[in-house]
Every structure is written in structure tokens, then in C-alpha cells.
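# Tertiary structure, described
Here is what each chain is made of, one letter per residue.
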Amino acid sequence: MLLGDERAEVCEYARKMVADGLVVGTSGNISVRSGELVAVTPTGVDYASLAPEDIPVVSLDGSAVAGSLKPTSELPMHLGIYSGASDPDGKEISASVHTHSVHATAVSTLVDEVPPIHYMLAAIGASARVAGYATYGTPELAETMLEALDGRRGCLLANHGTITFGDTLHAAYHRAEQLEWVCRLWLLARSAGTPALLPRQEIEHIVDRLRGYGQAEPASRPYRTRR
């Protein structure tokens, strides 16, 4: 099956997105890129019932390549990331995750940038901007999203949700989780008083520190070859 591993991974993370409360029902969507092809969640299908063969595969211009189901209506956003976004560290962008997470969406109605309440905001970049509102599934939304993503690995979408990307689906999903957590933290602190915020210079410092975060990859560890 064309992009069998990638389509299975999309199914796995789509169900995880529901279980983790980042979406409700069939909202939100996920994509994984391999070369010139993209596996992406279908529109209007219960994620619990998804099988790899249900996952549409499209080319970078949006043309259908495999799968009988229609891709998500937010396909322009996903393709916009692969064609127009760039990772601040120059890594390849291989996956993107769009959520309707409650706390981040609430924050998107209040501010133009996520306040620096915690250093893990640096998982996104020096800040996390809020993209201006545009109707879902439109080229206008993809355009305003790309503006907000400049120099960042994710952003909020005004009155809508979030989108993040990474060199793996795991990395993109982790950033979506971190963004939601930071937004939840800020809303909780704000409800109790006036939160103390970190200076921008500290967030930028953490951005640099995160580049070397984690364990080095063992030289002997086998790598999966994508088909």
C-alpha cells in the first residue's frame, strides 16, 4: 500500500488527538509528508473507525493520488506548511497537526501572542503568534497562518485552534500538546490574578538550550526505512 507506514501513523495520532482532548468528534486533522506525497486525515470521518486504507494520499498540489475518501477541508493549511513554511533550525518539515484544543482556542480570542508564562513556550519559538481569523478551509486561512508561522514551529488560529509542525509526527504532536498546556496555564493564572511573565530574552535563551535537549541517538540504533 502506498505510504502504508505514514497512513497507519496518521490513524494512530488521530485517535490519540481525540483521547487527549485536543479535538472533539471529527474536528482537527493531521498530515504526514513523504517526498512529494502527503497522507492526511479524511473529512467528516470518525477517527475511531479509521484504517490506513481510509487515509487519502495527495500530491503537494492537492491532486488525489490514493484513497477513496476526500481529504480534510483544511488541506490548504497542511499543503501551505509544506510549500511555504520553514523550520527555524532548518530541519525538514514532515508532519503537521491541527487541533481545536479548548484552552489555546480561548487564548486566541484574547491576545495576539501567547504570553510567556512558562519557558516551554520555546517549544514553538521565541513566541507563539495568533494568526488573524479567516474562514476554515480557505486559501486566506493558509496565508494568515504562514504569516504567523514565520520563524516559529506553530501558532494559534484566531477563534479556531492551533497548528504545529515538525520533522516527525511525534515532534509536531508534542508541540501541539505543549502549546495547549502553556495556554491552559496562562488562563488559570490569569483567572486568579495578574501572572508574572518571563522576559522575552529568557524565552529566546531557552530556544537555544532546547536545540541540544534530549538523548543523543545511539549509533547502533536501526532506522526505519520509509517506503
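Residues numbered from 1 in each chain as written. Predicted model: local features only at pLDDT ≥ 70, side-chain atom pairs only at ≥ 80, totals over all residues. Heavy atoms only, no water.

## Here's the deal with the overall build of the protein chain
- Helix and strand counts for the protein chain stand at six helices and eight strands.
- Moving toward the C terminus, one meets the helices and strands of the protein chain in the order α-β-β-β-β-α-β-α-β-α-β-β-α-α.
- The globule rule puts the C-alpha radius of gyration for 227 residues at 17 Å, and the 17 Å found for the protein chain is close to it.
- A principal-axis box enclosing the C-alpha atoms of the protein chain has dimensions of 55 × 45 × 30 Å. (Helix = DSSP H or I, 4+ residues; strand = E, 2+ residues; numbered from the N terminus. Rg over C-alpha atoms; globule rule 2.2 N^0.38 Å.)

## Concerning the state of the cysteines
- In the structure shown here, the tally under the stated rule is zero disulfides.
- Left unpaired, C155 is separated from the closest cysteine sulfur, that of C183, by 11 Å.
- Accessibility expressed as a relative area gives 0% for C183, which makes it buried. (Disulfide = S-S within 2.5 Å. Buried < 20%, exposed > 50% of the residue type's maximum accessible area, 1.4 Å probe, protein only.)

## Looking at unusual backbone geometry
- Notably, L3 is not glycine yet its phi reads approximately 55°, a positive angle.
- Among the structural elements, L3 can be located in the segment before helix 1 (4-19).
- Under the relative-accessibility criterion, L3 is labelled buried at 5%.
- The phi angle at N159 is positive, at roughly 55°, despite the residue not being glycine.

## Structural notes on the sheet that holds strand 6 (residues 130-131)
- The strand order 4-3-2-1-5-8-7-6 describes an open sheet built from eight strands, whose pairing is mixed. Either end of the sheet is taken by a strand with one partner, and the two such strands are strand 4 (64-66) and strand 6.
- Bridge count for strand 3 (residues 57-59) against strand 4 is two bridges, and the pairing is antiparallel. Across the sheet, the residue bridging to V57 is A66, located in strand 4.
- Across the sheet, helix 1 is in contact with strand 1 (29-34), strand 2 (37-40), strand 3, strand 4 and strand 5 (95-99); its angle to strand 1 comes to roughly 155°. (Pairing = 2+ DSSP bridges. Contact = heavy atoms within 4.5 Å. Axes fitted to C-alpha atoms, helices over the stretch in contact; angles between N-to-C directions.)

## As for the pattern of salt bridges
- This model, assessed by the stated rule, comprises seven salt bridges.
- Where E204 meets R200, a salt bridge forms, and the shortest distance between an N and an O atom there is 3.4 Å. With E204 and R200 both in helix 6 (residues 200-210) and four residues apart, this pair spans about one turn of that helix.
- On the basis of relative accessible area, E204 is assigned to the partly exposed category, the value being 37%.
- For D208, the salt bridge goes to R211, with nearest N and O atoms at 2.3 Å.
- On the accessibility criterion, D208 (46% relative accessible area) is partly exposed.
- Using a relative accessible area of 47% as the deciding quantity, one classes R211 as partly exposed. (Salt bridge = Lys/Arg side-chain N within 4 Å of Asp/Glu carboxyl O.)

## Some remarks on the nonpolar core
- M17, I30, L50, V97 and L169 are the most contacted members of the largest nonpolar core, which has 24 residues in total.
- Every residue in contact with M17, bar those within four places of it in the chain, is listed here: L22, V23, S27, G28, N29, I30, Y47, V97, H98, T99 and Y173. (Core = buried A, V, L, I, M, F, W, Y, C linked by side-chain atoms within 4.5 Å.)

## With respect to the UniProt feature "domain: Class II aldolase/adducin N-terminal" (unreviewed entry) in the protein chain
- The residues that UniProt annotates with the feature "domain: Class II aldolase/adducin N-terminal" (unreviewed entry) are residues 8-187.
- Secondary structure over residues 8-187 splits into 32% helix and 18% strand, and the C-alpha atoms at its two ends are 35 Å apart. (UniProt positions renumbered as here; feature names shortened; annotations may be inferred.)

## Description of the packing of helix 2 (residues 75-84) against helix 4 (residues 139-148)
- Viewed as axis vectors pointing N to C, helix 2 and helix 4 meet at an angle of 45°, and their least axial separation amounts to 9 Å. Here helix 2 lies oblique to helix 4, going by the angle between them. In the packing of helix 2 onto helix 4, the handedness of the crossing is right-handed. Counting all contacts with helix 2, which are made through P76, M77, G80, I81 and G84, the residues of helix 4 involved are L141, A142, M145 and L146. (Parallel < 35°, antiparallel > 145°, perpendicular 65-115°, else oblique. Left-handed = near helix turned anticlockwise from the far one by under 90°.)

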